[in-house]
Amino acid sequence: MAALPSLLPQIPRKPPASQYNWITGAYDTVPEQLPLPLPPIEETILPDDGSATLLSTENGTQLLVAGFGLFLGKKSERVVVKKGKAVCAQVPLMRVQEVVIGSRGISVSSDLIEELCARGARIAFLNSSGTPYALLTSPLLTATVETRRAQLDALQNERGAEFCRWVVAGKLRNQEKLLRYFARSREGEARESLDRAAAQVRQLRKQALECEGATADAVRPSLMGYEGTGGRIYWRQIVNLLPEQCGFDGRNNNPGADAVNAALNYGYGVLYAHVWGAVMNAGLEPFAGLLHVDRSGKPSLVLDLVEEFRQPVVDRAIFTWLNKGGRLRLEKGLLDNGSREAVAARVLTRLTAAEQHRGKRHEVRSIIQMQARLAAGAFRGLRTYRPFAFQW
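The rules behind these values
- Counting from 1, residues in each chain are numbered in the order their sequence is written.
- The predicted origin of the model limits local features to residues at a pLDDT of at least 70 and limits the giving and counting of side-chain atom pairs to 80 or more, whereas totals for whole chains, interfaces and linings rest on all residues.
- Hydrogens are left out, water is left out, and the side-chain values use all remaining heavy atoms of the structure.
- Runs of E in the DSSP output that reach at least two residues are strands. Runs of H or I that reach at least four are helices, and both are numbered from the N terminus.
- Note on classification: 1.4 Å probe, protein chains only; a residue is buried when its accessible area is under 20% of the maximum for its type, exposed when over 50%, partly exposed between these limits.
- Should any heavy atoms of two residues lie within 4.5 Å, those residues are counted as being in contact.
- Only the protein chains shown count as covering a residue, and every accessible area follows the Shrake-Rupley method with a 1.4 Å probe.
- The axes used here are C-alpha line fits, helices contributing only the stretch in contact, and every angle between their N-to-C directions lies in the interval 0 to 180 degrees.
- By the definition adopted for this analysis, an angle is roughly parallel if under 35 degrees, roughly antiparallel if over 145, roughly perpendicular if from 65 to 115, and oblique otherwise.
- Here a crossing is taken to be left-handed if its near helix is turned anticlockwise relative to the far helix by less than a right angle, and right-handed if that turn runs clockwise.
- Under the grouping applied here, Gly and all other residues not named as nonpolar or charged are polar, the nonpolar ones being Ala, Val, Leu, Ile, Met, Phe, Trp, Tyr, Cys and Pro and the charged ones Asp, Glu, Lys and Arg.
- Whether a set of points on the 1 Å grid over the protein atoms alone is a cavity depends on a 1.4 Å probe fitting there but being unable to get out, while an open set qualifies as a pocket with protein on both sides within 12 Å along at least five of seven lines; lining residues are those with an atom within 4 Å of a point.
- Grid points are joined across faces, edges and corners, and a volume is the space filled by probe spheres set on the points.
- Pairing between strands is defined by DSSP: at least two bridges between them are needed.

Asker: Tell me what's going on with the overall build of the protein chain, and back it up with residues and numbers.
Answerer: Helix and strand counts for the protein chain come out as 11 helices and 15 strands. Counting over 392 residues, the protein chain shows a buried share of 55%. If you take every contact in the protein chain between residues at least 6 apart in sequence, the share linking residues at least 24 apart comes to 64%. With an accessible surface of roughly 17,900 Å², the protein chain has 50% of that area assigned to carbon and sulfur atoms.

Following this line, the structure appears as structure tokens:
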């Protein structure tokens, strides 16, 4: 990794009207007053080996860092990533909304942690397979006792049962819509098969909403049955949808099953981190779910809320890319660095994409936060929970 050049070009005091987006390869408009005390991007911002990836949008930045021996610290108003003494990435703090630590062997300074928490930015830690094992946020963001008490009470009342019905219905609807989304670009039997499967999933959604029971425990067995049947229909179509060289035979949660499953696991891990942060920001208890049962170390409520976002955020991004010639590679049962970077970049791009929701267009990551707060309101009896349905 190259060190910083000794002589850097003069940086203007006023920022340019645009900023390079690493994912799209285009320039995004940024606020006029945004200071950019950084050297030109080609020389100093990111390393050539992809150990630090920056996703820039109009409203913020996610910094994904993966590489043994890296150090993240704070210098003035910037996040600085170093390899030894060489600075390999710098990002203005005012632009950072989340830092994702994507591998082992990375250290983070306490000064940076304090500064990010003060600004409401999260730090998510993922293992090599993409599973989040830690999430750092300010404890002041979760100090809502009334909401947590209502969440725990919902397990034994109709509010919890209704929440479970809509979680399953939301997942089934998005599975149906993604199948129809892919059917639009196909002809003949391939299209008819996708449309038939979508119609079957749609029928299961109706049955889920009609499921009888006054508590989460009462409706859970039937709802999990509808979800399982829908999953089998959905994944059978995905097997036929993907190119044969992908080697995908169906959904498998085991690490290293195949490259596509590894990519899904990694993408879901990035999504989990966002949903987990939204749950905590909404004052909810991440380990007290309603559809997913309690188990030590299992963030059941996070898994509940993740369900409606799997298809529009992760599945759509990965399957579209693979159908357009994207390639994945495994090393010792795990995605290699290039594959992890490609998956994370596409998932983060979907998280910052705008979707229609509640009559307006919002970034998907904002919708995730809105849904977590909607769940909190539903548990307290203030409003009715309705899942996010992406437009196709």
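Asker: Run through the packing of helix α4 (residues 158–183) against helix α5 (residues 188–209), naming residues and quoting values.
Answerer: Following both chains from N to C, one finds α4 and α5 inclined at 165°, their axes separated by 8 Å at the closest point. Considering their axes alone, α4 and α5 lie roughly antiparallel with respect to each other. The way α4 lies across α5 gives a crossing that is left-handed. A per-class count over the contact of α4 with α5 returns 15 nonpolar, 1 polar and 9 charged.

Asker: Please set out the layout of surface pockets residue by residue, giving values where relevant.
Answerer: Estimated volume of the largest pocket: approximately 840 Å³. Counting only elements with at least two residues in the lining of the largest pocket, the list comes to α4, α6 (216–241), α7 (259–281) and α9 (310–323). Here the lining of the largest pocket takes 5 residues from α6, the largest share from any one element. Tallied by class, the residues present in the lining of the largest pocket amount to 9 nonpolar, 10 polar and 7 charged.

Asker: How would you summarise the sheet that holds strand β9 (residues 107–108) if you had to cite specific residues and measurements?
Answerer: The strands making up a sheet are joined through hydrogen bonds of the backbone, oriented either antiparallel or parallel. Within the open sheet, the 4 strands sit side by side as β7-β6-β5-β9. Their pairing is mixed. The sheet terminates laterally at β7 (86–92) and β9, the two strands that pair on one side only. The pairing of strand β6 (residues 78–83) with β7 spans 6 bridges and is classified as antiparallel. In the strand pairing of β7, K83 is matched with A86. Here helix α2 (residues 110–118) sits on the sheet in contact with β5 (70–75), β6 and β9, set at roughly 60° to β5.

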